[in-house]
Amino acid sequence: MKELLKKYENKQPEIVFNWKDSETEAEGWVVINSLRGGAAGGGTRMRKGLNMNEVLSLAKTMEVKFTVAGPAIGGAKSGINFDPQDPRKEGVLRRWYKAVAPLLKNYYGTGGDLNVDADKEVIPITESCGIWHPQEGIFNGHFKPTEAEKINRVGQLRHGVIKVIEDSKFSPDVNRKYTVADMLTGYGVAEAVKHYYNIYGGNIEGKKAIVQGFGNVGSSAAYFLTQLGAKVVGIIDRVGGVIKEEGFTMEEMTELFLAKDGNTLVSDAMIPFEEMNEKIWSLGAEIFAPAAASRLVTEEQVNTMIANGLEVITPGANVPFADKEIFFGPIMEATDKQVSLLPDFISNCGIARVFAYFMSSQIPLPMQDDAIFADTSNTIKNALEKAHARNSSKTDICKTAFEIALEQLV
């Protein structure tokens, strides 16, 4: 695996597009790791201090994710080095998408990512540049559809990802109009644990869980873990967290979800961050769902959780460990050898998978929530079954899954 990984990491990307804004200090990159299958996909992020290497590592990560989520295309990413709080942000994005429009028309598909909203920014701005949908390049480059097929699938994609959930199994409150995009990735993070215990032995019911981050992915993962019978005993977020050693009830978890302020945990029982960070790792949880930013989880935190009975990690964040390497740094490798570490490109593939689901075939109307969510769950289950067929041990799951992915890419 190490040899395959080294080859993959060292392979130069096929396309690097560099842009410097004419009106501000903003600088942006599209990195297309490869045009495997005639196209590449990956979202657009913006943050101050971002550089090309960060975009490259994310593009390579996306390519690995597509081996599970589909379609069989290359990985890409867009990144803009600019402060997203700057009032000039919209103008920067407008000029950026105008510059990359030829790529988006022919072979590159994008979406939202860190500090860039798919529905409010990416879709309306790319439409104003003559792009039917931010994923149009994937349609044209990979699927090569007829005009009629393209109209149908673009319509499916537009409506499907922002479809309001009507089935109460998948929404904390159907009256609040949560969408597929709001809930699906966190759902997959929780389903990955259910499938892990079913495939590798054991049962999710009654297992204690810790969740890091309470944005879209963390909050929905906590909600669905509770629904599956796990006991979420601690949630840590940017400003603090909450602990309940016997586990939050379904009613309490629903209240926490509905009380969120945007992507932030809100609770009268909030414990300040420093105190929370001291306590949470030794709560004795069997399940850990890191669903905050990338590269946050330290070796000390992992070792404390392992010493207190940790069994499985289901990442909601890409590359959750505080390693500098693109993939498989020392913390990640040591963790994989000691507990069941589910690969991030399997556990959090939900939104990538739903794009593939709506692009690849005609979906019967009206669209059904259970069919959309079941497709992601089955994709995760199939990927874990493949890893188990090659290595039935509860350790080195991540290493095994990487081997299976890299054999398709190198």
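Above this text sits the structure in question.
So, how was this worked out
- Residues numbered from 1 in each chain as written.
- Predicted model: local features only at pLDDT ≥ 70, side-chain atom pairs only at ≥ 80, totals over all residues.
- Heavy atoms only, no water.
- Helix = DSSP H or I, 4+ residues; strand = E, 2+ residues; numbered from the N terminus.
- Buried < 20%, exposed > 50% of the residue type's maximum accessible area, 1.4 Å probe, protein only.
- Areas by Shrake-Rupley, 256 points an atom, 1.4 Å probe, with all protein chains shown as cover.
- Polar contact = N/O pair within 3.5 Å; in protein donor to acceptor, adjacent residues only side chain to side chain.
- Contact = heavy atoms within 4.5 Å.
- Axes fitted to C-alpha atoms, helices over the stretch in contact; angles between N-to-C directions.
- Parallel < 35°, antiparallel > 145°, perpendicular 65-115°, else oblique.
- Nonpolar A, V, L, I, M, F, W, Y, C, P; charged D, E, K, R; others polar.
- Pairing = 2+ DSSP bridges.
- Right-handed = clockwise from strand over helix to strand, strands pointing away.

*Asks:* Explain the overall build of the protein chain to me, please; I cannot follow it from the model alone.
*Replies:* Scanning the protein chain from N- to C-terminus turns up 16 helices and 13 strands. With the C-alpha coordinates aligned to their principal axes, the bounding extent of the protein chain is approximately 55 × 50 × 45 Å. Looking at the protein chain residue by residue over its 410 residues, the buried ones come to 56%. Surface summary for the protein chain: the accessible area is close to 16500 Å², and the carbon and sulfur share equals 49%.

*Asks:* Explain the side chain of Thr-379 here, please?
*Replies:* Locating Thr-379 in the fold gives a position in helix α15 (residues 369-390). Since its relative accessible area comes to 11%, Thr-379 is described here as buried. For Thr-379, the side chain forms a polar contact with the side chain of Arg-353, separated by 3.3 Å. The residues touching Thr-379, leaving out its near neighbours within four places in the chain, are Val-68, Ala-69, Cys-349 and Arg-353.

*Asks:* I tried to follow the packing of helix α3 (residues 89-106) against helix α5 (residues 136-143) on my own but got confused; where do I start?
*Replies:* Two quantities define a packed helix pair, namely the angle between the axes and the distance from one axis to the other. Running from N to C, α3 and α5 cross one another at 40 degrees; their axes reach a closest spacing of 5 Å. It follows that α3 is oblique to α5 by the angle criterion. Between α3 and α5, the contacting residues are Leu-104, Lys-105 and Asn-106 on the first element and Glu-136, Gly-137, Asn-140 and Gly-141 on the second. Of the residues in the contact of α3 with α5, the class split is one nonpolar, four polar and two charged.

*Asks:* So what exactly am I meant to see when it comes to the sheet that holds strand β12 (residues 312-313) here?
*Replies:* In a beta sheet, neighbouring strands pair by backbone hydrogen bonds and run either parallel or antiparallel. With respect to topology, seven strands assemble into an open sheet ordered β10-β9-β8-β7-β11-β12-β13, the strand pairing being mixed. Each edge of the sheet is formed by a strand with only one pairing partner; in this case those strands are β10 (271-272) and β13 (340-341). As defined by bridge partners, strand β8 (residues 231-236) adjoins strand β9 (residues 240-243) across three bridges and the pair is classed as antiparallel. Residue pairing in the sheet places Ile-236 in a bridge with Gly-241 of β9.

*Asks:* Help me out: how do you make sense of helix α14 (residues 350-360) in this one?
*Replies:* Think of an α-helix as 3.6 residues a turn; residues three or four steps apart then line up on the same face. Here α14 lies mainly inside the structure; eight of its 11 residues are buried. Listed in full, the buried residues belonging to α14 are Gly-350, Ala-352, Arg-353, Val-354, Ala-356, Tyr-357, Phe-358 and Met-359. Buried residues in α14 make contact with α2 (52-69), α5, α6 (147-161), α7 (180-200) and α15.

*Asks:* Where do I start with the environment of Glu-333 in this structure?
*Replies:* Within the fold, Glu-333 resides in helix α12 (residues 330-338). Between the alpha carbons of Glu-333 and Phe-170 there is a distance of 34 Å; along the sequence they are 163 residues apart. Beyond its immediate stretch of four places on either side in the chain, Glu-333 contacts Lys-2 and Phe-328.

*Asks:* When you look at the side chain of Ser-220 in this model, what are you seeing that I'm missing?
*Replies:* Mapping Ser-220 onto the fold places it in helix α8 (residues 216-227). Given the relative accessible area of 0%, Ser-220 is considered buried. When residues no more than four places from it in sequence are discounted, the contact partners of Ser-220 are Asp-182, Met-183, Gly-186, Tyr-187, Gly-215 and Phe-257.

*Asks:* What is the right way to read the pairing of strand β11 (residues 287-290) from this model?
*Replies:* Moving residue by residue along a regular strand, the side chains alternate between the two faces of the sheet. Neither face of β11 is open: one carries Ile-287 and Ala-289, the other Phe-288 and Pro-290, and all of them are buried. The pairing of strand β7 (residues 208-212) with β11 spans four bridges and is classified as parallel. Residue pairing across strands places Gln-212 opposite Pro-290, the latter belonging to β11. For β11 and β12, the ladder comprises two bridges, and the chain directions are parallel. Residue pairing for β12: Phe-288 is matched across the bridge by Ile-313. For the handedness criterion, the β-α-β arrangement of β11, helix α11 (residues 299-307) and β12 is classed as right-handed.

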